[in-house]
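# Chain and residue survey
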Amino acid sequence: MAVQLAPSILSADFARLADEAGAVAGEADWLHIDVMDNHFVPNLTIGLPVVESLIKHTSLPLDCHLMIEHPDRWATVYAEAGAGNVTVHAEAAQAPVRLLREIRSAGARAGLGINPATPVEPYADLLPEIDMLLLMTVEPGFGGQPFLDLVLPKLRRARELLARHGGAVWLQVDGGVSAATIERCAEAGADVFVAGSAVYHAGDPAAAVRGLRAQAERATAGAAWAAGPGQPG
Ligand code: DX5
Ligand code: ZN
């Protein structure tokens, strides 16, 4: 049950992306890339050409979070470009099963993202098709928003669904994750943590990742969901 940290470059200096990736390369597990199209979310960030360039300049695997309409048309291209994970939103995908299979066939891990107001239960049958479930803990679109505690009960239910499923699906949280909130996420069942402003607005991004990881590991060690089978709790 390893804790993983994925700093989001949305809060980094876009004119110095390779350096900003390098600043966390020794500490992070993934580099989280927020692709936004100004349609699915009211913000416009970066697309495939930047991802293709960044892949050549970082040792970290890229976790591409597509907040775009028509992911059925575009997501597989990110996998073909070499992204380690491609997450598409349930609210945007037309044919999620086909799309998730295409992402995996193109060599990437397949992620399914759901917004704060989207229930997780309707997607329980899709768990065999995914490698990671992303629960947004803010409305997607911008960094630096306050964490939505109302997602925590859904996080617990998602962890229970994953336990029943029995596979090795990771559970990611994204939005407002910081020193003040990461322990709540870990206790509720998250094991992959995206953090944008908490990392890149810190004086020392690598130290920020180290600190967040230590907090998440401590909270996970005390969490009932992480106890092995047959153990109390
Ligand atoms: C928001 C993005 C997040 C964003 C998180 O829609 O998906 O990845 O970078 O930023 P913070 O950690 O500042 O909330
Ligand atoms: Zn994101």
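Heads up: the structure comes first, above all this text.
Now for a description of the structure that goes with this document. Bear in mind the structure is a predicted one, so any value in this text is a computation, not a measurement. (Residues numbered from 1 in each chain as written. Chains lettered and ligands numbered in written order. Predicted model: local features only at pLDDT ≥ 70, side-chain atom pairs only at ≥ 80, totals over all residues. Heavy atoms only, no water.)

Let us look at the pattern of salt bridges. Overall, the coordinates contain 10 salt bridges when judged by the stated rule. Measuring nitrogen to oxygen at the nearest pair gives 3.9 Å for the salt bridge that ties D19 to R16. Judged by its relative accessible area of 49%, D19 is partly exposed. A salt bridge links R157 to E121; the shortest N-O distance between them is 2.6 Å. Remark: E121 occurs in the loop between β5 (109-114) and β6 (132-136) and R157 occurs in helix α5 (residues 152-165); sequence separation between them is 36 residues. By relative accessible area, E121 is classed as partly exposed at 36%. (Salt bridge = Lys/Arg side-chain N within 4 Å of Asp/Glu carboxyl O. Buried < 20%, exposed > 50% of the residue type's maximum accessible area, 1.4 Å probe, protein only. Helix = DSSP H or I, 4+ residues; strand = E, 2+ residues; numbered from the N terminus.)

Every one of the 20 residues lining ligand 1 counts as a neighbour, but S8, G141, D174, G176 and S197 are closest to it. S8 is positioned such that a nitrogen or oxygen atom in its side chain is 2.7 Å from an oxygen atom of ligand 1. A distance of 2.8 Å separates an oxygen atom of ligand 1 from a polar side-chain atom of D34. Expressed as a share of its isolated accessible area of 380 Å², the protein-covered part of ligand 1 is 100%. Of all the secondary structure elements, the ones that give two or more residues to the shell around ligand 1 are β2 (31-36), β3 (62-67) and β8 (192-195). Of the residues contributing to the shell around ligand 1, the split by class is eight nonpolar, 10 polar and two charged. (Near = heavy atom within 4 Å. Polar contact = N/O pair within 3.5 Å; in protein donor to acceptor, adjacent residues only side chain to side chain. Areas by Shrake-Rupley, 256 points an atom, 1.4 Å probe, with all protein chains shown as cover. Nonpolar A, V, L, I, M, F, W, Y, C, P; charged D, E, K, R; others polar.)

The coordination sphere of the zinc ion (ligand 2) contains the protein donors H32 (NE2), D34 (OD), H65 (ND1) and D174 (OD), at a distance range of 2.0 to 2.3 Å. Of note is the zinc ion (ligand 2), whose six donor atoms meet at the metal with angles of 71 to 169 degrees in an arrangement that counts as octahedral. Here the donor residues of the zinc ion (ligand 2) are spaced in sequence according to H-x1-D-x30-H-x108-D. Of the two residues, D34 sits in strand β2 while H65 sits in strand β3, which places them 31 residues apart along the sequence. Of the two residues examined, D34 and H65, each falls in the buried class. (Donors = N, O, S within 2.8 Å, 3.2 Å for Na, K, Ca; no water. Tetrahedral: all angles 85-135°; square planar, octahedral: opposite > 155°, others 65-115°.)

Relative to the helices and strands, T181 is located in the loop between β7 (170-174) and α6 (182-188). Separated by 2.9 Å, the side chain of T181 and the backbone nitrogen of S178 make a polar contact. If we skip the residues at most four places from it in the chain, T181 touches F147 and G176. (Contact = heavy atoms within 4.5 Å.)

Spatial strand order, β1-β8-β7-β6-β5-β4-β3-β2: eight strands in an open sheet with parallel pairing. The strands lining the two open edges of the sheet, one partner per strand, are β1 (4-7) and β2. On average, adjacent strands in this sheet sit at an angle of 25 degrees to one another, irrespective of strand direction. The pairing of β5 with β6 spans four bridges and is parallel. Its bridge partner being in β6, G111 is matched across the sheet by M132. Seen against the sheet, helix α4 (residues 96-105) touches β4 (85-89) and β5 and runs at an angle of roughly 145 degrees to β5. (Pairing = 2+ DSSP bridges. Axes fitted to C-alpha atoms, helices over the stretch in contact; angles between N-to-C directions.)

This brings us to unusual backbone geometry. Glycine aside, residues mostly have negative phi, and peptide bonds are mostly found in the trans state. Even without being a glycine, N38 presents a positive backbone phi close to 65 degrees. You can see N38 is positioned in the loop between β2 and α2 (48-55). For N38, a relative accessible area of 44% puts it in the partly exposed group. Positive phi, normally seen in glycine, also occurs at H70, with a value near 55 degrees.

Before going further, it helps to spend a moment on empty space enclosed by the protein. Applying the stated criterion to the full structure yields one cavity of 30 Å³ or more. As for the largest cavity, its lining consists of A6, W30, D63, N85, M132, W170, Q172 and V192. Across the lining of the largest cavity, the residue classes tally to five nonpolar, two polar and one charged. (1 Å grid on protein atoms, 1.4 Å probe; cavity = no way out; pocket = protein on both sides within 12 Å on 5 of 7 lines; lining within 4 Å. Points joined across faces, edges and corners; volume = space filled by probe spheres on them.)

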